[in-house]
Amino acid sequence: MAGVIAQLKRRAVVRDMLANRQGLTVISGLGSPTYDVAAVADHERNFYLWGAMGGAVAMGLGLALARPDLDVLVVTGDGEMLMGMGSLATVGVKAPANLAILVLDNGRYGETGMQQSHTSTACDLCAIARACGIKDSWQVSTAAELRRIRDDFQRNGSVRFLQAKVADDQPGRVMPTRDAVANKLRFRRAVDAESAPSNAKP
Amino acid sequence: MTDSNWQDSVFEAIKAGGIDLVGYVPDAGHAALIEKSIRDADIVDVALTSEEEGVALCAGAWLGGRRTLLLMQSSGVGNCINMLSLQRIARTPMVIIVTMRGEYAEFNPWQVPMGSTTERALQLCDFQVQRVDQAEAAAETVAAAIDMAYAGDVAIAVLLSQKMLGRKKWQE
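Residues numbered from 1 in each chain as written. Chains lettered and ligands numbered in written order. Predicted model: local features only at pLDDT ≥ 70, side-chain atom pairs only at ≥ 80, totals over all residues. Heavy atoms only, no water.

Caption draft 1: The arrangement of the sheet that holds strand S4 (residues 99–105) of chain A in detail. All names here are of chain A. As summarised here, the arrangement of the six strands in space is S2-S1-S3-S4-S8-S7, forming an open sheet in which the pairing is parallel. Here the strands that pair on one side only, and so sit at the sheet edges, are strand S2 (46–48) and strand S7 (136–140). Along the sheet, successive strands turn relative to each other by an average axial angle of 15°, direction set aside. The sheet contact formed by strand S1 (residues 25–28) and strand S3 (residues 72–77) spans four bridges and is parallel. Residue pairing across strands places Ile27 opposite Val74, the latter belonging to S3. (Pairing = 2+ DSSP bridges. Helix = DSSP H or I, 4+ residues; strand = E, 2+ residues; numbered from the N terminus. Axes fitted to C-alpha atoms, helices over the stretch in contact; angles between N-to-C directions.)

Caption draft 2: Region of interest: the packing of helix H1 (residues 10–18) of chain A against helix H2 (residues 32–40) of chain A. Residues and elements named next belong to chain A. With their axes 9 Å apart at the nearest point, H1 and H2 run at an angle of 55° to one another. On the basis of their axis angle, the class for H1 and H2 is oblique. Read as a crossing pair, H1 and H2 show a hand that is right-handed. Contacts between H1 and H2 involve Arg10, Arg11, Val14, Arg15 and Leu18 from the former and Ser32, Pro33, Tyr35, Asp36, Val37, Ala39 and Val40 from the latter. (Parallel < 35°, antiparallel > 145°, perpendicular 65-115°, else oblique. Left-handed = near helix turned anticlockwise from the far one by under 90°. Contact = heavy atoms within 4.5 Å.)

Caption draft 3: Local environment of the side chain of Ser37 of chain B. Topologically, Ser37 of chain B is positioned in helix H2 (residues 31–39). Of note is the side chain of Ser37 of chain B, whose polar atom sits 2.8 Å from the backbone oxygen of Leu33 of chain B. (Polar contact = N/O pair within 3.5 Å; in protein donor to acceptor, adjacent residues only side chain to side chain.)

Caption draft 4: Representation of the side chain of Arg66 of chain B within the structure. Residue and element names in this part refer to chain B. Tracing the backbone through its elements, the reader meets Arg66 in the loop between helix H3 (51–64) and strand S3 (68–73). Owing to a relative accessible area of 2%, Arg66 belongs among the buried residues under this scheme. A polar contact is formed between the side chain of Arg66 and the backbone oxygen of Asp20, at a distance of 2.8 Å. (Buried < 20%, exposed > 50% of the residue type's maximum accessible area, 1.4 Å probe, protein only.)

Written as structure tokens, this is what we have:
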């Protein structure tokens, strides 16, 4: 449509972020982000949350601190991020260089009937992340903006936060395993958790 | 045995058990353990805004292969309930040391509702609960909890009784 800037599509954003992922490890927040990550491709370095709302970033932080040798990407939504907002403050304090957080912000609660979330009106998650000390925080709402910052967002070297304003479309559910024990065991094997070196404070 | 002695022994048990990541919400009863964890070069110490963050933090660290410990007050147990879904469904090992409030010589009645619910809440969440009333037993109980949790992906809470911890001394 003339004059209308095409909104970002959540699946396209995630596909873009997971292209050529190599050793990247991914924690996905419950609901649509878990379906989005699964829709790109199931992977032994994915851990899918189907509950524990508000825990995705804290879980990614634990993995990032445990394993400075791994790249960690948390993919979650605005509703999940709002519930775990305190964890952004904790991330800002610890600031692991190998952690990146992607929030797919459609301003809605997709699992429960597309009710508005706080980000659709007053709340600015990117500003909150920056105020928590995550200096490399971006908000994008177009493909051009995403392209401009993508390399910086994906570059291991400082903790990063990206709020992608996406359309409130609802692509079909792609359901990965709900068996968290199987998912845990597969993930731990993939990253060689049993023989991981215990390393000193960063 | 003096206060500092049992806390030294608990820290030794944590080190001997291979704990290398400690999450905590600041607490007077845990102050010595927290300080020792911060000073220890081989322990990653993480101050949390809420105890539930610690549940997810520990699960994530275990995915990467670390052994973790959470320190909280009894009120914090209430903050963890839904997040413990993650520990229960994924069966990640978890060790929590809880300093009890609201059960003995408590000056603040607001601590009673959660303090009196803590042990049952943990049991409802499938935790094995070990209560410590004697300072001399603290270190061995913590050592046993770590062994059991990491031998079989079990969740264990060690409750340090308020009677053992002593009456609250106001921090200057």
